[in-house]
Amino acid sequence: MGNAMIEAIGLDADDTLWENETFFRVTEGEFVALLGEYADGADIASRLLDVERANLARYGFGIKGFMLSMVQTAIELTDGRIDGRAIGRILELGQEMLAHPVDLLPGVPEALDALAGHRLILITKGDLIDQERKIAASGLAERFDAVEILADKSPETYSRVLFRAGVAPEDFVMVGNSVKSDVLPVVELGGHGVFIPHAMTWAVEHADAPDHPRAHRLETIAGLPALVARLEEGHA
Ligand SMILES: [Mg+2]
């Protein structure tokens, strides 16, 4: 048929273009060590995850919310006995994350170059300032036609992005490492979602991959240009 035309490709950033979750896990390890005299490591980690989940609606995604959740967890787990110096160390851990250099994932610049004939939109969520910093530091900013930093990724927020871009959902492909954030909401709207798993993905982002003709999976971003070409030929 050859009638499919992919007008725009949306790319997630954290753990799709560059490393992210690994820094959270390293910091969590230091946080667990800091509270080691008060509780068991696995308990601290699961308590922290509960606090983060409960705070998401208030703080949103990103490092600042993570810092506040670590402080809250430390106070609660120690019945308020945690000292000011340890709280200071927790804030320092977060500030180190906010200053960390950007490590691109393998094959990213090459895949973006191969897709340069398409409209590319970087679509991420999290702290506005931190995401802007990472986009600038990545050296990839000029490869994108637009950058969208969202509070959350839902069918509603994606449909606003598509409206602003003037793109119909069926002509849109979203690519990322989270089935929950990058695939399901876009497939629900009528677009294509491409899941590229990352070895480390936050528990909150876990979801089962749907069995759906517009839901796709790639092992690495290197396969993306060929997948987009197949979609345009109507063979995928
Ligand atoms: Mg991601």
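Residues numbered from 1 in each chain as written. Predicted model: local features only at pLDDT ≥ 70, side-chain atom pairs only at ≥ 80, totals over all residues. Heavy atoms only, no water.

The name given to the protein chain in an unreviewed UniProt entry is Haloacid dehalogenase, and the organism recorded there is Paracoccus acridae.

## What to know about the coordination of the magnesium ion
For the magnesium ion, the full set of protein donor atoms is Asp12 (OD), Asp14 (O) and Asn177 (OD1), and the range of their distances to it is 2.1 to 2.2 Å. Read from N- to C-terminus, the donor residues coordinating the magnesium ion fall into the pattern D-x1-D-x162-N. With Asp14 in the loop between strand 1 (8-11) and helix 1 (21-34) and Asn177 in the loop between strand 4 (172-176) and helix 8 (179-189), this pair connects stretches of sequence that are 163 residues apart. For Asp14, a relative accessible area of 12% puts it in the buried group. Residue classification places Asn177 among the buried residues on the basis of a relative accessible area of 8%. (Donors = N, O, S within 2.8 Å, 3.2 Å for Na, K, Ca; no water. Helix = DSSP H or I, 4+ residues; strand = E, 2+ residues; numbered from the N terminus. Buried < 20%, exposed > 50% of the residue type's maximum accessible area, 1.4 Å probe, protein only.)

## Description of the domain arrangement of the protein chain
When the domains of the protein chain are assigned, the result is domain 1 (8-18 + 102-235) and domain 2 (21-98). Just the C-alpha atoms count here: the centres of domain 1 and domain 2 sit 29 Å apart. Ranking the residues of domain 1 by area buried against domain 2 places Asp127, Met200 and Trp202 at the top, with a combined share of 47%. Connecting domain 1 to domain 2 are 0 salt bridges. Linking domain 1 with domain 2 are 5 residue pairs in polar contact (both at pLDDT 80 or more). Looking at the side of domain 1 that touches domain 2 residue by residue, the class counts come to 5 nonpolar, 2 polar and 8 charged. (Domains from an automatic or database assignment. Buried area = accessible area lost by both parts, 1.4 Å probe. Salt bridge = Lys/Arg side-chain N within 4 Å of Asp/Glu carboxyl O. Polar contact = N/O pair within 3.5 Å; in protein donor to acceptor, adjacent residues only side chain to side chain. Nonpolar A, V, L, I, M, F, W, Y, C, P; charged D, E, K, R; others polar.)

## Describing the packing of helix 1 against helix 2 (residues 41-59)
Here helix 1 crosses helix 2 at 120 degrees, and the two axes come no closer than 9 Å. Here helix 2 runs oblique to helix 1, going by the angle between their axes. The two elements helix 1 and helix 2 meet at a crossing, and its hand is right-handed. Of the residues in helix 2, those touching helix 1 at Glu28, Phe31 and Val32 are Gly41, Ile44, Ala45 and Leu48. Across the contact of helix 1 with helix 2, the residue classes tally to 5 nonpolar, 1 polar and 1 charged. (Axes fitted to C-alpha atoms, helices over the stretch in contact; angles between N-to-C directions. Parallel < 35°, antiparallel > 145°, perpendicular 65-115°, else oblique. Left-handed = near helix turned anticlockwise from the far one by under 90°. Contact = heavy atoms within 4.5 Å.)

## Section: the pattern of salt bridges
In the structure shown here, the tally under the stated rule is 15 salt bridges. Among the salt bridges present, the one from Glu205 reaches Lys125, with a minimum N-O distance of 2.5 Å. With a gap of 80 residues between them, Glu205 in the loop between strand 5 (192-195) and strand 6 (215-217) and Lys125 in strand 2 (residues 119-125) connect regions that are remote in the sequence. As far as burial versus exposure is concerned, Glu205 and Lys125 are alike and both buried. For Glu219, the salt bridge goes to Arg217, with nearest N and O atoms at 2.9 Å. In this pair, the class of Glu219 matches that of Arg217, namely exposed. One network of salt bridges, with partners in common, ties together Asp14, Asp130, Arg133 and Lys134.

## Focus on the environment of Ala203
Looking at where Ala203 falls in the secondary structure, it is placed in the loop between strand 5 and strand 6. Judged by relative accessible area, Ala203 falls into the partly exposed class, the value being 32%. C-alpha separation for the pair Ala203 and Asp12, spaced 191 residues apart in sequence, amounts to 17 Å. Dropping the residues within four chain positions of it, Ala203 is found in contact with Leu49 and Arg53.

## Examining the sheet that holds strand 5
Here we have 6 strands laid out as an open sheet, ordered 3-2-1-4-5-6, and parallel in their pairing. Edge positions in the sheet fall to strand 3 (146-150) and strand 6, since each of these pairs with one other strand and no more. Neighbour-to-neighbour, the strand axes of the sheet open up by a mean angle of 20 degrees, direction not taken into account. As paired strands, strand 4 and strand 5 are joined by 4 bridges and run parallel to one another. (Pairing = 2+ DSSP bridges.)

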